[in-house]
Amino acid sequence: MTSAVPGVELNSGTTIPQLGLGVWQADDDETERAVTHALDEAGYTHIDTAAAYGNEEAVGRAIAASSIARNDLFVTTKLWNADQRGRDAVIEACDTSLRKLGLDQVDLYLVHWPLLDMDRMKRTWEAMQEIAESGKAKAIGVCNFEPHHLQVLIGEGDVVPAVDQVECHPNLPQNELRAFAADSGIAVESWSPLGGTPNSGWGKASKDNTLLSDSTLGGIAEKYDKSIAQVIIRWHLQGGLVVIPKSVTPERITQNIDVFDFSLDDADMLDIANLANNRRVGIHPDEMNIAAPDDDA
Ligand code: A2P
């Protein structure tokens, strides 16, 4: 198995491994086992968690027990919506995540959702910049920001987010957002890269995964003697996306990084492009305001 994961350079000057392990919807035991397998057996060096996932301590335990040196690891966590209550709350939330992870610094700290109140968002982003300046995060970024949200931050003349992590997969290739991000020097990371789970929508817009049983992808997978998941992961990698497939199953965790010994050709990429149908498994960012603080908070 060849598993040399390439890096993507971020506008912060640091480099993110292009493939990592996501742990959303994994409980503590599953997370600790999955991260341990990923780091110590499968060759991953990049783990993506969030305060809202409730499993940062489990990620921290697996990192502490791993033989991989901290400098060789890339760890991302995210600021939850309820903590967008001004500077002190944002900084306290970051400190809490660091304590749970058992780290002095994360490689990437992301705002989890834009919320509807963009004034609040701007205050959050100022605090995020303070976090980066203090060295608690090597890079800062956002998740689920549409171009109109990004424009607000960029327009302020402040630090441009290093990353925008969004729902992205062959049904929802996010071409417009990716073009905007490329022009702005923002790397795009794909969540639910395999098409998600029936619960990808925070209990709202959830839909079944149809990509993992798609016949076009099945045909391509057969051609390369790979799985559909591996074909989808190649599509992300060849499109320049950073990809964080979630799995708590050791064989799948190993399989999902075993994608560096084949390439999709132009015809495959075109066939996959034709699967675009704007089908989201998660919530549209313009509709997401879960756990948003009250106006006076
Ligand atoms: P599990 O964690 O039980 O292994 P996404 O990253 O798009 O949200 O998709 C995650 C879902 O896909 C999870 O339900 C995960 O299941 C499943 N999954 C992850 N890797 C594979 C794989 N290689 N083959 C099939 N299903 C996979």
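Values in this document were obtained by computation on a predicted structure and should not be read as measured data.

Colleague: Quick one: what's the story with the side chain of glutamine 174, residue by residue and with numbers?
Modeller: Here glutamine 174 shows up in the loop between strand 8 (163-167) and helix 6 (175-184). Of the residues examined, glutamine 174 reaches a relative accessible area of 12% and is grouped as buried. Those residues in contact with glutamine 174, other than ones at most four positions away along the chain, are Val166, Glu167, Cys168 and Arg280.

Colleague: Tell me about the pattern of salt bridges, and please be specific about residues and values.
Modeller: Should their charged atoms come close, side chains of opposite charge can pair. Evaluation of the coordinates by the stated rule reveals 14 salt bridges. The residue arginine 87 makes a salt bridge to aspartate 88 at a minimum N-O spacing of 2.5 Å. One network of salt bridges, with partners in common, ties together Arg70, Asp107 and Lys138.

Colleague: So what's going on with the site of the ligand? Which residues, and what values?
Modeller: Near the ligand there are 16 residues, and of these Leu194, Lys246, Ser247, Thr249 and Asn256 occur at the shortest range. With respect to the ligand, the side chain of lysine 246 contributes an N or O atom lying 2.8 Å from an oxygen atom. Serine 247 is positioned with one of its side-chain polar atoms (N or O) 2.7 Å from an oxygen atom of the ligand. In the complex, 83% of the free accessible area of the ligand, which totals 580 Å², lies under the protein chains. Among the cavities detected, the one that contains the ligand is the largest pocket. Class assignment for the residues of the shell around the ligand results in six nonpolar, eight polar and two charged.

Colleague: Talk me through the nonpolar core; I want residue IDs and the actual numbers.
Modeller: Counting 71 residues, the largest nonpolar core has Leu19, Leu21 and Tyr109 as its most contacted members. Here this core gets seven residues from one element, more than from any other, and that element is helix 8 (residues 228-238). Counting residues in each nonpolar core, the second largest holds twelve residues, with Leu110, Ala139, Cys143 and Val163 among its members.

Colleague: Lay out the packing of aromatic side chains in plain terms, naming residues and giving numbers.
Modeller: In this structure the tally under the stated criterion is three aromatic pairs. Judged by centre distance (6.3 Å) and plane angle (35°), the rings of tryptophan 24 and tyrosine 53 are tilted. Note that tryptophan 24 is positioned in the loop between strand 3 (21-22) and helix 1 (28-42) and tyrosine 53 in the loop between strand 4 (46-48) and helix 2 (56-65), a separation of 29 residues in sequence. Across the pair, tyrosine 53 and tryptophan 24 agree in class, each one buried. One cation-aromatic arrangement involves arginine 234 over phenylalanine 262; the distance from NZ or CZ to the ring centre is 5.8 Å.

Colleague: Just give me the short version of the sheet that holds strand 9 (residues 187-191), but keep the residues and values in it.
Modeller: In any sheet, the strands associate via hydrogen bonds between backbone groups, in a parallel or an antiparallel arrangement. One open sheet holds the eight strands; their spatial order is 3-4-5-6-7-8-9-10, and the pairing between them is parallel. Single-partner strands in this sheet number two, and they are strand 3 and strand 10 (242-243). With five bridges joining them, strand 8 and strand 9 adopt parallel strand pairing. Looking at strand 9, one finds that glutamine 165 is bridged to glutamate 189. Relative to strand 5 (residues 74-79), helix 3 (residues 87-101) is tilted by about 140°, and along the sheet it contacts strand 5 and strand 6 (108-111).

Rules used in this analysis
- Residues numbered from 1 in each chain as written.
- Predicted model: local features only at pLDDT ≥ 70, side-chain atom pairs only at ≥ 80, totals over all residues.
- Heavy atoms only, no water.
- Helix = DSSP H or I, 4+ residues; strand = E, 2+ residues; numbered from the N terminus.
- Buried < 20%, exposed > 50% of the residue type's maximum accessible area, 1.4 Å probe, protein only.
- Contact = heavy atoms within 4.5 Å.
- Salt bridge = Lys/Arg side-chain N within 4 Å of Asp/Glu carboxyl O.
- Near = heavy atom within 4 Å.
- Polar contact = N/O pair within 3.5 Å; in protein donor to acceptor, adjacent residues only side chain to side chain.
- Areas by Shrake-Rupley, 256 points an atom, 1.4 Å probe, with all protein chains shown as cover.
- 1 Å grid on protein atoms, 1.4 Å probe; cavity = no way out; pocket = protein on both sides within 12 Å on 5 of 7 lines; lining within 4 Å.
- Sits in = over half its atoms within 2 Å of the grid points.
- Nonpolar A, V, L, I, M, F, W, Y, C, P; charged D, E, K, R; others polar.
- Core = buried A, V, L, I, M, F, W, Y, C linked by side-chain atoms within 4.5 Å.
- Phe/Tyr/Trp six-rings, centres within 6.5 Å; stacked < 30°, edge-to-face > 60°.
- Lys NZ or Arg CZ within 6 Å of the ring centre and 35° of its normal.
- Pairing = 2+ DSSP bridges.
- Axes fitted to C-alpha atoms, helices over the stretch in contact; angles between N-to-C directions.

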